[in-house]
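Chain by chain, the residues run as shown.
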Amino acid sequence: MSSVVLENVSKYYDQVAAVDALNLDVRAGEFITLLGPSGCGKTTTLRMIAGFVEPSRGRVHIANEDVTRLPPQQRTIGMVFQDYALFPHLTIGENIGFGLVERKVARDQIAARVEELLALIRLPEVAGRFPSELSGGQQQRVALARAIAFPPKVLLMDEPLGALDLKLREAMQLELRLIQQKLKITTVYVTHDQTEAMTMSDRIAVMNAGRIEQLDDPPGIYNAPRTRFVANFVGKVNFLPGRLIEHCGEQSAVETRVARILGPRLSAANPGAAVTVAVRPEKLRLLPEAAADAGMNVVAGQIETQTFAGNLYHDLVRTADGSSLLVEIRPFERIGGPGERVRVCWSVGDTVILDDA
Ligand SMILES: Nc1ncnc2c1ncn2[C@@H]1O[C@H](COP(=O)(O)OP(=O)(O)OP(=O)(O)O)[C@@H](O)[C@H]1O
Ligand SMILES: [Mg+2]
């Protein structure tokens with residue numbers, strides 16, 4: 001069952017596409033995140049679902065209804081923005097009940113609903129306070145309660161935690177996700193923070209220049225990126241440019257400037273094609289120069305720099321062609337410091353081969 005469907009939706013500003021022929025299918029109860037760099041069209045996409053921006057082309061469906069021409073107030077959506085946007089002159093209780101008053105819900109029902117929502121966001125005592133008397137994180141929980149007071153068909157959130165400090169943001173990520181799962185609210189969430197997207201989402205749509213480059217669950221996005229952009233935007237990554245040599249069974253071989261690398265078969269590319277090997281720093285291991293390698297990819301090099309990050313060391317290993325590999329190792333795996341000759345190894349399964357075409 002689909003709850004939000006974007007069908008070939010575009011938005012042009014002066015001939016420039018802010019959103020470019022985008023398709024998205026959000027399942028009922030699903031938490032989907034639009035993730036991408038500044039200016040890639042996340043907010044524009046969200047505002048088209050909400051009805052604040054009219055698409056130049058394409059159609060928007062919510063709960064099997066074509067809402068492309070419906071104004072926002074007729075779409076039954078809930079929205080939460082980065083700036084809390086609570087009404088400063090209303091109490092917390094009045095803020096949460098605002099949409100219910102507008103919809104002419106009976107007063108005693110509103111009071112009961114407000115109480116229920118305050119319990120849900122774990123702020124039972126604040127109904128009589130004003131927004132200025134709450135912390136940023138508390139105000140954002142109230143904004144969430146207000147957005148879901150009249151149960152929305154879809155909850156839209158645009159960087160709702162962007163103004164909070166890291167610790168509070170992490171706590172709120174968990175809390176928002178728990179509430180969303182408890183109530184099974186279909187949610188479209190916008191962030192440019194990849195960790196936030198990873199922790200909260202059922203699926204992530206990685207956006208680039210008005211388009212979705214990849215839509216997948218978090219492990220799929222992280223472990224099997226399909227483009228350089230996705231690999232690079234989500235997490236850290238090493239790239240080794242090369243040429244596809246041959247397919248052998250379930251594997252493909254790539255000749256790079258530093259070594260011949262094996263990875264999972266990339267059937268889409270033919271031998272001779274320009275490809276890029278991508279491998280994450282934490283998948284790499286360091287072995288002494290003389291150690292044997294059992295069925296691993298191996299690149300020889302020399303530790304250039306080593307920085308200590310508490311739970312990890314970040315080693316930059318210079319390879320024969322003058323480029324470097326970033327390696328993340330845990331302290332007990334450390335085999336030497338700068339100047340040490342090492343071999344960088346990783347398993348074939350942790351290799352991603354990307355088609356440059
Ligand atoms: N009202 C507008 N008029 C003209 N151009 C606009 C307008 N709104 C957005 N744009 C342009 O459309 C593109 C996408 O903007 P959008 O706000 O959707 O990006 P975003 O992904 O939300 O970025 P951010 O992470 O910075 O919030 C940008 O290039 C932006 O400058
Ligand atoms: Mg935005």
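Reading the values: the criteria
- Residues numbered from 1 in each chain as written.
- Chains lettered and ligands numbered in written order.
- Predicted model: local features only at pLDDT ≥ 70, side-chain atom pairs only at ≥ 80, totals over all residues.
- Pairing = 2+ DSSP bridges.
- Helix = DSSP H or I, 4+ residues; strand = E, 2+ residues; numbered from the N terminus.
- Buried ≥ 20, exposed ≤ 12 C-beta atoms within 10 Å, placed from the backbone.
- Axes fitted to C-alpha atoms, helices over the stretch in contact; angles between N-to-C directions.
- Parallel < 35°, antiparallel > 145°, perpendicular 65-115°, else oblique.
- Left-handed = near helix turned anticlockwise from the far one by under 90°.
- Contact = placed C-beta atoms within 7 Å.
- Nonpolar A, V, L, I, M, F, W, Y, C, P; charged D, E, K, R; others polar.
- Domains from an automatic or database assignment.

By the bridge criterion, 6 bridges tie strand β11 (residues 238-248) to strand β14 (residues 274-279) in an arrangement that is antiparallel. For Pro-241, the partnering residue across the bridge sits in β14 and is Thr-276. Across 4 bridges, the pairing between β14 and strand β20 (residues 352-355) is antiparallel. Among the inter-strand pairings, Val-275 is bridged to a residue of β20, identified as Asp-355.

What follows concerns helix α1 (residues 42-50). For α1, the tally of buried residues reaches 9 of 9 residues, placing the bulk of the element in the interior. Along α1, the residues that are buried comprise Lys-42, Thr-43, Thr-44, Thr-45, Leu-46, Arg-47, Met-48, Ile-49 and Ala-50. Of the residues trailing α1, Gly-51 is marked for its positive phi of about 100°.

Bringing the packing of helix α4 (residues 136-148) against helix α5 (residues 166-183) into the picture now. Between α4 and α5, the shortest axis-to-axis distance is 11 Å and the interhelical angle comes to 20°. The angle between α4 and α5 falls in the class roughly parallel. As α4 runs across α5, the sense of the crossing is right-handed. Contact residues: Gly-137, Gln-140, Leu-144 and Ile-148 in α4; Leu-168, Met-172, Leu-176, Ile-179 and Leu-183 in α5. Among the residues making up the contact of α4 with α5, the classes are represented as 7 nonpolar, 2 polar and no charged.

The subject of this paragraph is the domain arrangement of the chain. As a measure of interface size, the accessible area lost when the parts come together is often cited. Annotation of the chain at the domain level lists domain 1 (2-231) and domain 2 (237-355). In this structure, domain 1 and domain 2 have C-alpha centres spaced 39 Å apart. With 5 residues of domain 1 at the contact, the number on the domain 2 side is 6 residues. Partitioning the side of domain 1 that touches domain 2 into residue classes produces 3 nonpolar, 1 polar and 1 charged.

Taken together, 6 strands build an open sheet; the order of strands is β6-β7-β8-β3-β9-β10 and the sheet is mixed. Looking at strand neighbours, the two that pair on one side only are β6 (77-80) and β10 (211-216), the edges of this open sheet. Taking the axes of each pair of neighbouring strands and ignoring which way they run, one obtains an average angle of 20° across the sheet. One ladder, built from 5 bridges, connects strand β3 (residues 31-35) with strand β8 (residues 187-191); its direction is parallel. Bridge pairing in β8 places Leu-34 opposite Val-190. Against the sheet, α1 makes contact with β3, β6, β7 (154-158), β8 and β9 (203-208), and its axis sits at roughly 150° relative to β7, the strand it touches most.

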